[in-house]
Amino acid sequence: MSAAWLFRVASQQQAGGGHVSRCLSLAKALAPRRQVLFVLDPEGEAWIERLAAHGYRAVPEGQEGDGPGCGCLLDGYGFTPQQAKHWQQ
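Residues numbered from 1 in each chain as written. Predicted model: local features only at pLDDT ≥ 70, side-chain atom pairs only at ≥ 80, totals over all residues. Heavy atoms only, no water.

We now examine the nonpolar core. Of all hydrophobic cores here, the largest spans 14 residues; its most connected members are Phe7, Val36, Phe38, Leu40 and Leu51. Elements with a minimum of two residues in this core: strand 1 (5-9), helix 1 (18-30), strand 2 (36-40) and helix 2 (47-53). Beyond its immediate sequence surroundings of up to four residues, Leu51 is in contact with Val20, Leu24, Phe38, Leu40, Tyr56 and Ala58. Leu6, Leu37, Val39 and Val59 belong to the second largest nonpolar core, which has 5 residues in total. (Core = buried A, V, L, I, M, F, W, Y, C linked by side-chain atoms within 4.5 Å. Buried < 20%, exposed > 50% of the residue type's maximum accessible area, 1.4 Å probe, protein only. Helix = DSSP H or I, 4+ residues; strand = E, 2+ residues; numbered from the N terminus. Contact = heavy atoms within 4.5 Å.)

Moving on, we get to the sheet that holds strand 2. Overall, parallel pairing links the 4 strands, which are arranged 3-2-1-4 in an open sheet. Strands at the two margins of the open sheet, each flanked by one partner only, are strand 3 (57-60) and strand 4 (71-75). Along the sheet, successive strands turn relative to each other by an average axial angle of 25°, direction set aside. Where strand 1 lies against strand 2, 4 bridges are found, and the strand directions are parallel. Bridging across to strand 2, Phe7 finds its partner in Phe38. Most of the contacts of helix 1 go to strand 1, to which it runs at about 170°, and overall it touches strand 1, strand 2 and strand 4. Packed onto the sheet, helix 3 (residues 81-88) meets strand 1, strand 2 and strand 4 and runs at close to 155° relative to strand 4. (Pairing = 2+ DSSP bridges. Axes fitted to C-alpha atoms, helices over the stretch in contact; angles between N-to-C directions.)

Here we come to the state of the cysteines. The final tally for this structure, using the stated rule, is 0 disulfides. The thiol sulfur of Cys70 is not disulfide-bonded, and the nearest other cysteine sulfur, from Cys72, lies at 10.0 Å. Under the relative-accessibility criterion, Cys70 is labelled partly exposed at 34%. No disulfide involves Cys72; its sulfur sits 9.6 Å from that of Cys23, the nearest cysteine. Taking the relative accessible area as the measure of exposure, Cys72 reaches 23% and is therefore partly exposed. (Disulfide = S-S within 2.5 Å.)

The following block contains the structure:
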(Lines give C-alpha, C1' and ligand atoms only; values in the text may rest on other atoms or scores of the structure.)
Protein backbone atom coordinates (compact mmCIF):
# COMPACT_ATOMS: atom_id res chain seq x y z
CA MET A 1 0.00 0.00 0.00
CA SER A 2 1.21 3.53 -0.66
CA ALA A 3 1.83 6.34 1.81
CA ALA A 4 -0.68 6.77 4.60
CA TRP A 5 -3.18 9.53 5.07
CA LEU A 6 -2.48 11.41 8.29
CA PHE A 7 -5.55 12.22 10.35
CA ARG A 8 -4.55 14.96 12.80
CA VAL A 9 -7.52 14.88 15.11
CA ALA A 10 -8.45 16.86 18.21
CA SER A 11 -8.32 14.15 20.83
CA GLN A 12 -7.86 15.78 24.20
CA GLN A 13 -10.48 14.93 26.81
CA GLN A 14 -12.23 18.31 26.66
CA ALA A 15 -12.78 17.88 22.89
CA GLY A 16 -15.02 14.89 23.54
CA GLY A 17 -15.02 11.99 21.11
CA GLY A 18 -16.84 13.47 18.13
CA HIS A 19 -13.72 14.38 16.16
CA VAL A 20 -12.18 10.95 16.66
CA SER A 21 -15.46 9.17 15.86
CA ARG A 22 -15.92 11.13 12.64
CA CYS A 23 -12.35 10.41 11.56
CA LEU A 24 -12.78 6.74 12.40
CA SER A 25 -15.76 6.59 10.03
CA LEU A 26 -13.71 8.30 7.31
CA ALA A 27 -10.79 5.93 7.93
CA LYS A 28 -13.05 2.91 7.49
CA ALA A 29 -14.19 4.25 4.12
CA LEU A 30 -10.62 5.04 3.03
CA ALA A 31 -8.99 1.85 4.36
CA PRO A 32 -9.49 -0.29 1.24
CA ARG A 33 -7.40 2.21 -0.72
CA ARG A 34 -4.98 3.81 1.76
CA GLN A 35 -3.48 3.29 5.15
CA VAL A 36 -4.49 5.80 7.81
CA LEU A 37 -2.34 7.06 10.68
CA PHE A 38 -4.11 8.92 13.47
CA VAL A 39 -2.00 11.72 14.93
CA LEU A 40 -3.34 12.65 18.35
CA ASP A 41 -2.89 15.43 20.87
CA PRO A 42 -0.27 14.62 23.53
CA GLU A 43 -3.18 14.41 26.00
CA GLY A 44 -5.13 12.11 23.67
CA GLU A 45 -3.17 8.92 24.25
CA ALA A 46 -6.25 7.23 25.73
CA TRP A 47 -7.48 6.84 22.14
CA ILE A 48 -4.47 4.77 21.02
CA GLU A 49 -5.82 1.43 22.26
CA ARG A 50 -9.36 2.16 21.08
CA LEU A 51 -8.18 3.00 17.56
CA ALA A 52 -5.87 -0.04 17.55
CA ALA A 53 -8.90 -2.21 18.35
CA HIS A 54 -10.35 -0.99 15.03
CA GLY A 55 -7.09 -1.81 13.24
CA TYR A 56 -5.57 1.68 13.05
CA ARG A 57 -2.23 2.96 14.22
CA ALA A 58 -2.34 6.09 16.38
CA VAL A 59 0.52 8.15 17.80
CA PRO A 60 0.86 11.41 19.72
CA GLU A 61 1.82 14.42 17.60
CA GLY A 62 5.58 14.50 17.09
CA GLN A 63 5.85 10.71 16.80
CA GLU A 64 4.35 10.32 13.33
CA GLY A 65 7.73 9.56 11.78
CA ASP A 66 9.66 10.89 8.85
CA GLY A 67 8.30 11.88 5.51
CA PRO A 68 4.95 13.24 4.51
CA GLY A 69 1.84 11.22 4.15
CA CYS A 70 -0.07 11.26 0.89
CA GLY A 71 -2.50 13.73 2.46
CA CYS A 72 -3.64 15.12 5.76
CA LEU A 73 -7.03 15.71 7.28
CA LEU A 74 -7.32 18.10 10.24
CA ASP A 75 -10.39 17.66 12.40
CA GLY A 76 -10.73 20.04 15.32
CA TYR A 77 -11.76 23.57 16.15
CA GLY A 78 -8.59 24.81 17.80
CA PHE A 79 -5.95 24.41 15.10
CA THR A 80 -4.08 27.63 14.39
CA PRO A 81 -3.23 28.84 10.89
CA GLN A 82 0.40 27.93 11.64
CA GLN A 83 -0.57 24.38 12.54
CA ALA A 84 -2.67 24.04 9.40
CA LYS A 85 0.27 25.25 7.31
CA HIS A 86 2.57 22.74 9.01
CA TRP A 87 0.27 19.87 8.08
CA GLN A 88 -0.12 21.06 4.48
CA GLN A 89 3.56 20.38 3.81
